[in-house]
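A closer look at the structure
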Amino acid sequence: MTIRVVIADDHRVVRDGLCYLLSQEPDVEVAGEAGDGRRTVDVVAATRPDVLLLDLYMPEMDGHAVIAALHDTHRPAIVVLTSATDDEHLVRAMHAGATSYLLKTASAEHVLAAVRDAAAGTASLSPELLTRLTQALHRPAPPDPLQPLSPREREVLRLIARGHSNRQIARDLAIGEQTVKTHVRSILTKLALQDRVQAAIFALRHQAESYQQP
């Protein structure tokens, strides 16, 4: 059985090298290639490969966005081949559905083995990355900075961050203005903040950080 592979990397020299490497194997066929994320999604949809050899650092859409954009029914086995060595990229890619994760320092033999393993449904990680992945998956989640707040207090804080006055908050939440004042005092006390401005900054910073989490 021939394994059909799409190569996605924004460096032409890397794609050429991988094309040459794979083309020397009698059981592997290069079905297509792409130099950016959007093109990768299009090429995969058009060629329906068995394996996608995917870099994470690409223009238009990065590798994580590519994995998310591929529909499960047509998604090939994904071998990430990247220079990203940090745990965040590793865990995000594996959680999103990557079959294997290799660094670009991997040998040609390791890349070929990973492609064949992925086509057969077997994951492939270097011993170092396997150890780090196991450790990262068992690492406790970072604490929620808003954990001390009640659900209602979180709602009030969200509206403070939007610049709403106590009167506006009372109207939006259908509660009394005095109740809003009580919630605001409680928020400031629980989060060790001095005033509404600090509360708004705290809320906006927490919101920005939550968007950046994998």
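The structure presented is a predicted model; accordingly, all values stated were derived computationally and were not measured.

Focus: helix α5 (residues 108-119)
Taking 1.5 Å as the rise per residue, α5 with 12 residues should run 16 Å; its terminal C-alpha atoms sit 17 Å apart, in good agreement. Summarising the contacts, the buried residues of α5 are in contact with β1 (3-8), α1 (12-23), β3 (51-54), β4 (77-82), β5 (100-103) and β6 (124-125). Taken from the residues just after α5, glycine 121 is the one with a positive phi, measuring 85°.

Side note on the sheet that holds β6
Here six strands make up an open sheet; going across it, the order is β2-β1-β3-β4-β5-β6 and the pairing parallel. The open sheet has two edge strands with one neighbour each: β2 (28-34) and β6. With four bridges connecting them, β3 and β4 associate as parallel partners. Bridged to leucine 53 within β4 is valine 79. Each of β4, β5 and β6 touches helix α4 (residues 87-96); the most contacted strand, β5, lies at about 150° to it.

Thoughts on empty space enclosed by the protein
Considering all chains together, one arrives at one cavity of 30 Å³ or more under this definition. Computed from the structure, the largest cavity encloses a volume of approximately 30 Å³. Lining the largest cavity we find Ile7, Ala8, Asp9, Val14, Leu18, Leu53, Leu54, Asp55, Leu81 and Lys104. For the lining of the largest cavity, the elements supplying multiple residues, two or more each, are β1, α1 and β3. For the lining of the largest cavity, the residue count by class is seven nonpolar, no polar and three charged.

Regarding the environment of aspartate 10
Considering the arrangement of structural elements, one finds aspartate 10 in the loop between β1 and α1. For the pair aspartate 10 and glycine 35, spaced 25 residues apart in sequence, the C-alpha to C-alpha distance is 4.1 Å. Apart from residues no more than four positions distant in its own chain, aspartate 10 is found in contact with Arg15, Gly35, Asp55, Tyr57, Met58 and Pro59. Engagement of the side chain of aspartate 10 in a polar contact is seen with the side chain of histidine 11, the distance being 3.2 Å.

A short note on the nonpolar core
The biggest cluster of nonpolar side chains holds 25 residues, and the ones touching the most others in it are Leu52, Leu54, Val66, Ile78 and Tyr101. Elements that contribute at least two residues to this core include exactly β1, α2 (37-47), β3, α3 (63-69), β4, α4 and β5. Contact partners of leucine 54, with chain neighbours within four places excluded, come to Ala8, Thr40, Gly63, Val66, Ile67, Ile78, Val79, Val80 and Leu81.

Quick look at unusual backbone geometry
Backbone geometry places arginine 48, a non-glycine residue, at a positive phi of 50°. In this fold, arginine 48 is placed in the loop between α2 and β3. The phi dihedral of alanine 192 falls on the positive side, at around 55°, and the residue is not glycine. The residue alanine 192 is located in the loop between α9 (177-190) and α10 (196-212) in this model. The exposure class of alanine 192 is exposed, given its relative accessible area of 68%.

Observations concerning the pattern of salt bridges
Scanning the model with the defined rule gives 11 salt bridges in all. Among the ionic pairs, lysine 104 bridges to aspartate 9, the shortest N-O distance being 2.8 Å. Of the two residues, lysine 104 sits in the loop between β5 and α5 while aspartate 9 sits in the loop between β1 and α1, which places them 95 residues apart along the sequence. A salt bridge links arginine 167 to glutamate 177; the shortest N-O distance between them is 4.0 Å. Taken as a pair, arginine 167 in helix α8 (residues 166-173) and glutamate 177 in helix α9 lie far apart in primary sequence, 10 residues in all. You can call arginine 167 exposed: its relative accessible area is 59%. Using a relative accessible area of 32% as the deciding quantity, one classes glutamate 177 as partly exposed.

So, the pairing of β2
Relative to β2, β1 runs parallel, the two sharing six bridges. When the sheet's bridge partners are listed, isoleucine 3 is paired in β2 with valine 28. With α1 bridging β1 and the parallel β2, this β-α-β connection has right-handed handedness.

Each value, and the rule that gives it
Residues numbered from 1 in each chain as written. Predicted model: local features only at pLDDT ≥ 70, side-chain atom pairs only at ≥ 80, totals over all residues. Heavy atoms only, no water. Helix = DSSP H or I, 4+ residues; strand = E, 2+ residues; numbered from the N terminus. Expected span 1.5 Å × (residues − 1). Contact = heavy atoms within 4.5 Å. Pairing = 2+ DSSP bridges. Axes fitted to C-alpha atoms, helices over the stretch in contact; angles between N-to-C directions. 1 Å grid on protein atoms, 1.4 Å probe; cavity = no way out; pocket = protein on both sides within 12 Å on 5 of 7 lines; lining within 4 Å. Points joined across faces, edges and corners; volume = space filled by probe spheres on them. Nonpolar A, V, L, I, M, F, W, Y, C, P; charged D, E, K, R; others polar. Polar contact = N/O pair within 3.5 Å; in protein donor to acceptor, adjacent residues only side chain to side chain. Core = buried A, V, L, I, M, F, W, Y, C linked by side-chain atoms within 4.5 Å. Buried < 20%, exposed > 50% of the residue type's maximum accessible area, 1.4 Å probe, protein only. Salt bridge = Lys/Arg side-chain N within 4 Å of Asp/Glu carboxyl O. Right-handed = clockwise from strand over helix to strand, strands pointing away.

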